[in-house]
Amino acid sequence: MEVTVNDKKINIPDHTSLQGALNLAGINPEGVATALNGEVVPMTQRDSTILKEGDSVLVIQPFYGG
């Protein structure tokens with residue numbers, strides 16, 4: 001099935017969790033925030049959040065500096 005991760009379409013197997021999609025997209029899950037279809041998903045819920053066809057995942061990595 002196809003989902004979007006940071007505006008890039010990727011194909012993932014059915015019943016893939018949010019964490020699994022991050023892994024497949026090559027995104028290090030440490031220190032990032034995630035949202036699924038505009039709703040924040042805490043790190044503790046990524047393994048239990050199962051994606052569906054057409055879902056949109058946004059991954060935000062904080063940066064520091066001034």
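Scoring rules and cut-offs
Residues numbered from 1 in each chain as written. Predicted model: local features only at pLDDT ≥ 70, side-chain atom pairs only at ≥ 80, totals over all residues. Heavy atoms only, no water. Helix = DSSP H or I, 4+ residues; strand = E, 2+ residues; numbered from the N terminus. Rg over C-alpha atoms; globule rule 2.2 N^0.38 Å. Buried < 20%, exposed > 50% of the residue type's maximum accessible area, 1.4 Å probe, protein only. Areas by Shrake-Rupley, 256 points an atom, 1.4 Å probe, with all protein chains shown as cover. Lys, Arg positive; Asp, Glu negative; His and termini not counted. Charge placed at Lys NZ, Arg CZ, Asp CG, Glu CD.

Caption draft 1: Region of interest: the overall build of the protein chain. Across its full length, the protein chain carries one helix and five strands. Reading the helices (α) and strands (β) of the protein chain from amino to carboxyl end gives β-β-α-β-β-β. Whereas a compact globule of 66 residues would reach a radius of gyration of roughly 11 Å, the protein chain reaches 11 Å, a difference of no more than 12%. Principal axes of the C-alpha set define a box for the protein chain whose edges measure 40 × 25 × 20 Å. Within the span of the protein chain, comprising 66 residues, buried residues form 36% of the whole. Surface summary for the protein chain: the accessible area is close to 4,500 Å², and the carbon and sulfur share equals 53%. Seen as two clouds, the 4 positive and the 8 negative side-chain charges of the protein chain have centres 3 Å apart.

Note that every value here comes from positions in space, so none of it alone points to a role or purpose.
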